[in-house]
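Here's the letter readout for the chains.
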Amino acid sequence: MEDKLEFIEGRYTNSIQRTFEKYRGEVPELEKPEQLVSLYIGSDLWDRAIQFSDADTKVEVETLDKIFKKRGVKSVLDIACGTGRHSIPLSKLGYDVTGVDFALSQIALAKAKASMENLQINFFNMDANSLGFKGNSYDAAICMFSTLGEEPMNYPLVIRGAFSSLKPGGIFLTDNYNWALKNRKSEEHRGNIVLESGMRIERVMKTRFTDKYRVRETILTFNGTTQKYVCITHTLNTEQWIEQLRNAGFTEFEIYHDYEKAQKKDPGRIQILALKPQK
Ligand SMILES: C[S@@+](CC[C@H](N)C(=O)[O-])C[C@H]1O[C@@H](n2cnc3c(N)ncnc32)[C@H](O)[C@@H]1O
């Protein structure tokens, strides 16, 4: 198992470097490779500055639990697990969880949280573009919070890796923005985040769309330093995601709207459950 992916002899992992080379010309916001990952790599900013609503996480985990129970899932692979927002509650519910993320700092935080709760979770520092699980290891795989469409995830590679990591009859659940409904206008938001410690982070978010992806530049200023994060998110709609999943070998699909099975008029997020066939 690769132990230190963030830097290899001072260079960023191949996926980050490759993504940078691919987009540096067409995305002028992107000036340095580290801007693709600065929220995750070498800091705990993601956990501290991007506060999820616990209520959202609760609904997400409850839905996963319902789906997993119905299908007899015991082992779960959490792809791009971050600091364990889903891995940890799923482990508490009794699932055998493996979480992978290429950011050492995220994995380190996830491990620390799990050990504080005496949970046995396998957290690996691994690039999701080359998932190393051969031999059909898991009953279920998840990739949460729009991460599948976000560079430096190369979604066709991740989907193929998820497929081969699953046992026959296994399921892959992905969660994405409902891009079909999103307003694609350029916009800018300014605001402050105040951490529990009292530390204040100024945040400027600038968003624009091309016909294939959203570019979101997030500039954080704190303690006299400025950090820029550039997120390129592919804006596939549900049919396009299903096509990608089908290309990898998944055969049956279920759609959830904001984690509900019933069709809703304006769901902000869509979840797709894809089934790996038995044979
Ligand atoms: C938006 S966060 C989501 C984290 C978690 N799934 C959640 O819902 O809280 C995206 C995560 O993807 C990870 N990531 C991005 N590209 C990756 C790749 N190619 N391989 C592994 N992890 C990746 C980042 O390090 C970060 O932790």
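Residues numbered from 1 in each chain as written. Predicted model: local features only at pLDDT ≥ 70, side-chain atom pairs only at ≥ 80, totals over all residues.

**Focus: the packing of helix H6 (residues 155–165) against helix H7 (residues 238–248)**
Okay, step 1: It is at 9 Å that the axes of H6 and H7 come closest, and there the two elements cross at 50°. By the criterion of interaxial angle, the relationship of H6 to H7 is oblique. Read as a crossing pair, H6 and H7 show a hand that is right-handed. Taking contact as the criterion, the partners of Tyr155, Pro156, Ile159, Arg160 and Phe163 in H6 are, on H7, Gln244, Leu245 and Ala248. (Axes fitted to C-alpha atoms, helices over the stretch in contact; angles between N-to-C directions. Helix = DSSP H or I, 4+ residues; strand = E, 2+ residues; numbered from the N terminus. Parallel < 35°, antiparallel > 145°, perpendicular 65-115°, else oblique. Left-handed = near helix turned anticlockwise from the far one by under 90°. Contact = placed C-beta atoms within 7 Å.)

**Quick notes on the sheet that holds strand S4 (residues 96–101)**
Okay, step 1: Taking strand neighbours across the sheet as the criterion, the seven strands line up as S5-S4-S3-S6-S7-S13-S12 in an open arrangement whose pairing is mixed. Looking at the sheet topology across the chains shown, the edges are occupied by strand S5 (122–125) and strand S12 (252–257). Neighbouring strand axes in the sheet, compared pairwise and without regard to direction, differ in orientation by 15° on average.
Okay, step 2: As defined by bridge partners, strand S3 (residues 75–79) adjoins S4 across five bridges and the pair is classed as parallel. Along S4, the bridge assignment pairs Asp78 with Gly99.
Okay, step 3: Taken strand by strand, H7 contacts strand S7 (166–177), S12 and strand S13 (269–275), and its axis lies near 25° from that of S13. (Pairing = 2+ DSSP bridges.)

**Some remarks on the pairing of strand S9 (residues 200–209)**
Okay, step 1: Looking at chain direction, strand S8 (residues 187–194) and S9 are connected through eight bridges and run antiparallel. Residue Glu188 lies in a different strand from S9, and its bridge partner there is Lys206.
Okay, step 2: Strand direction decides the pairing type here: S9 and strand S10 (residues 213–222), joined by eight bridges, are antiparallel. If you follow Arg203 over to S10, its bridge partner there is Leu220.
Okay, step 3: If you look at the hairpin formed by S9 and S10, you'll find three residues sitting between the two strands.

**Thoughts on the nonpolar core**
Okay, step 1: Counting 67 residues, the largest nonpolar core has Val76, Ile79, Ala128, Ala140, Ala141, Ile142 and Val158 as its most contacted members.
Okay, step 2: With residues up to four places along the chain from it excluded, the contact list for Ile142 reads Leu64, Val76, Asp78, Ile79, His86 and Leu173. (Core = buried A, V, L, I, M, F, W, Y, C linked by C-beta atoms within 7 Å. Buried ≥ 20, exposed ≤ 12 C-beta atoms within 10 Å, placed from the backbone.)

**With respect to the domain arrangement of the protein**
Okay, step 1: Structurally, the protein comprises domain 1 (12–52 + 187–232) and domain 2 (57–179 + 235–275).
Okay, step 2: Listed as interface residues are 19 residues of domain 1 and, on the opposing side, 16 residues of domain 2.
Okay, step 3: At the level of elements, helix H1 (14–23), helix H2 (45–49), S10 and strand S11 (225–234) are the ones that each hand at least two residues to the side of domain 1 that touches domain 2.
Okay, step 4: Looking at which element gives the most residues to the side of domain 1 that touches domain 2, the answer is H1, with three residues. (Domains from an automatic or database assignment.)

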